[in-house]
Amino acid sequence: LSAGHLLFSLLGHQDVVRDLSFAPNGSPILVSASRDKTLRVWDLSRDGRNMQGYPWRQVQVLSGHVQWVYCCSISPDCSMLCSAAGEKSALLWSMRSYTLIRRLEGHQSSVVSCDFSPDSALLVTASYDACVIMWDPYTGEQLRTLRHVPLHSTLDSSSEIHTSSLRSVCFSPEGLYLATVADDRLLRIWALELRSPVAFAPMTNGLCCMYFPHGGFIATGTRDGHVQFWTAPRVLSSLKHLCRKALRTFLTTYQVLALPIPRKLKEFLTYRTF
């Protein structure tokens, strides 16, 4: 980046590349998602070519989707990968064995966006069915559904029936908020423990959203070529949440449930006290 020079090209996909996800732990691993219905895992530290003539940098090809892959997200602990491909289910992969862990089934229409919480304990998926589903990625359990109810004052009489189709969802850096972009011309911000949005912002032609890594701001991208910036709620995380986040960074749901601690504490640590 400092010199602005192209280092190398990653060749292998047979169609448009729709999304990219770097490993959050700083390792030189990149996952790409493509319209060729595959995800490819690249090790950017490798060089040379293998026996088949493919670049050494390509570690694995993940096949399992039957539609174009729109979105991919690596969990912050780098143990899992979620992918969405315009199908009613999202796929959860192991980043250790590069095998399919499970299909997450629950949406009624195409899943188009996904994101992990900062402690990897939660996964959210957004769909054209106007719902965000919050999952426990370790068990596959649905923990909560956030439904996008249209605000009639923001819509005109010519709006189509799928006006609340979701385009993007992302977690805030501290893990207490979600941001969503939908076709009803609204950016919504949700508090983790509430079922209704805590803030709205009017925007048109929204396609994607992303939190500033240190919180306080959200960037949104639109179909007409604009990037917009919004202020987002800032919150001082409670000591309870900070402890939960610290523990869940290295403990799976199964490990928490096996701890000799009270049931209510287990429910809190596994985000089942909503």
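Parameters and conventions
Residues numbered from 1 in each chain as written. Predicted model: local features only at pLDDT ≥ 70, side-chain atom pairs only at ≥ 80, totals over all residues. Heavy atoms only, no water. UniProt positions renumbered as here; feature names shortened; annotations may be inferred. Helix = DSSP H or I, 4+ residues; strand = E, 2+ residues; numbered from the N terminus. Rg over C-alpha atoms; globule rule 2.2 N^0.38 Å. Buried < 20%, exposed > 50% of the residue type's maximum accessible area, 1.4 Å probe, protein only. Areas by Shrake-Rupley, 256 points an atom, 1.4 Å probe, with all protein chains shown as cover. Lys, Arg positive; Asp, Glu negative; His and termini not counted. Charge placed at Lys NZ, Arg CZ, Asp CG, Glu CD. Phe/Tyr/Trp six-rings, centres within 6.5 Å; stacked < 30°, edge-to-face > 60°. Lys NZ or Arg CZ within 6 Å of the ring centre and 35° of its normal. Pairing = 2+ DSSP bridges. Axes fitted to C-alpha atoms, helices over the stretch in contact; angles between N-to-C directions. Domains from an automatic or database assignment. Contact = heavy atoms within 4.5 Å. Buried area = accessible area lost by both parts, 1.4 Å probe. Salt bridge = Lys/Arg side-chain N within 4 Å of Asp/Glu carboxyl O. Polar contact = N/O pair within 3.5 Å; in protein donor to acceptor, adjacent residues only side chain to side chain. Nonpolar A, V, L, I, M, F, W, Y, C, P; charged D, E, K, R; others polar.

- As named in an unreviewed UniProt entry, the protein is WSB2 protein, taken from Chloropsis hardwickii.
- We quote the UniProt Pathway (unreviewed entry) comment for the protein here in full: "Protein modification; protein ubiquitination."

## Focus on the overall build of the protein
Then comes step 1: Secondary structure assignment for the protein yields three helices and 19 strands.
Then comes step 2: For the protein, whose C-alpha radius of gyration is 19 Å, the value lies close to the compact-globule estimate of 19 Å for 274 residues.
Then comes step 3: Each principal axis of the C-alpha atoms in the protein carries an extent, and together these give about 60 × 55 × 40 Å.
Then comes step 4: Looking at the protein as a whole, 48% of its 274 residues qualify as buried.
Then comes step 5: Taken as a whole, the protein presents about 14000 Å² of accessible surface, with 57% of it coming from carbon and sulfur.
Then comes step 6: Each charge class in the protein can be summarised by its mean position, and for the 27 positive and 21 negative side chains these summaries are 5 Å apart.

## Describing the packing of aromatic side chains
Then comes step 1: For the coordinates displayed, the defined rule picks out one aromatic pair.
Then comes step 2: Between phenylalanine 212 and phenylalanine 217 the ring centres are 6.2 Å apart and the planes differ by 75°, which places this aromatic pair in the edge-to-face class.
Then comes step 3: Look at phenylalanine 212 and you get partly exposed, because its relative accessible area is 38%.
Then comes step 4: Above the ring of tryptophan 68, the side-chain terminus of arginine 35 is found at 4.1 Å from the ring centroid.

## Remarks on the pairing of strand β14 (residues 177-182)
Then comes step 1: Of all six residues in β14, six are buried, a share of seventy percent or more.
Then comes step 2: Here β14 shows a buried face lined by Tyr177, Ala179 and Val181 and a second buried face lined by Leu178, Thr180 and Ala182.
Then comes step 3: As paired strands, strand β13 (residues 166-171) and β14 are joined by five bridges and run antiparallel to one another. Opposite phenylalanine 171, over in β14, you have leucine 178 as the bridge partner.
Then comes step 4: With antiparallel pairing between neighbouring strands as the criterion, β13 and β14 make up a hairpin whose turn holds five residues, including glycine 175 at a positive phi of roughly 85°.
Then comes step 5: As judged from the six bridges shared by β14 and strand β15 (residues 186-191), these two strands associate in the antiparallel manner. By the bridge assignment for β15, threonine 180 is matched with arginine 188.
Then comes step 6: Hairpin connection from β14 to β15: three residues lie between these consecutive antiparallel strands, with arginine 185 at a positive phi of about 70°.

## Here we look at the sheet that holds strand β17 (residues 206-211)
Then comes step 1: Reading across the sheet, the three strands line up as β17-β18-β19 and stay open at both edges, with antiparallel pairing between neighbours. A strand with exactly one partner marks an edge of an open sheet, and here the two such strands are β17 and β19 (227-231). Each strand axis lies, on average, 25° off the axis of its neighbour in the sheet, ignoring direction.
Then comes step 2: Here five bridges tie β17 to strand β18 (residues 217-222), and the two strands are oriented antiparallel to one another. Paired with cysteine 208 across the two strands is glycine 221, which belongs to β18.

## Re the domain arrangement of the protein
Then comes step 1: What the domain assignment reports for the protein is domain 1 (1-147) and domain 2 (238-273).
Then comes step 2: Across the boundary between the two partners, domain 1 contributes 11 residues, which contact 10 residues of domain 2.
Then comes step 3: Taken over both partners, the interface formed by domain 1 and domain 2 buries close to 910 Å², and the fraction arising from carbon and sulfur atoms is 54%.
Then comes step 4: Here domain 1 and domain 2 share two salt bridges between them.
Then comes step 5: Between arginine 272 and glutamate 141 there is a salt bridge, with the nearest N and O atoms lying 2.8 Å from each other.
Then comes step 6: Linking domain 1 to domain 2 there are five residue pairs in polar contact (both at pLDDT 80 or more).
Then comes step 7: By residue class, the composition of the side of domain 1 that touches domain 2 is five nonpolar, one polar and five charged.

## Considering the UniProt feature "repeat: WD" (unreviewed entry) in the protein
Then comes step 1: Taking the UniProt record as the reference, the feature "repeat: WD" (unreviewed entry) is found at residues 10-52, 62-103, 104-145 and 159-193.
Then comes step 2: Helix makes up 0% of residues 62-103 and strand 50%. Its end C-alpha atoms lie 14 Å apart.

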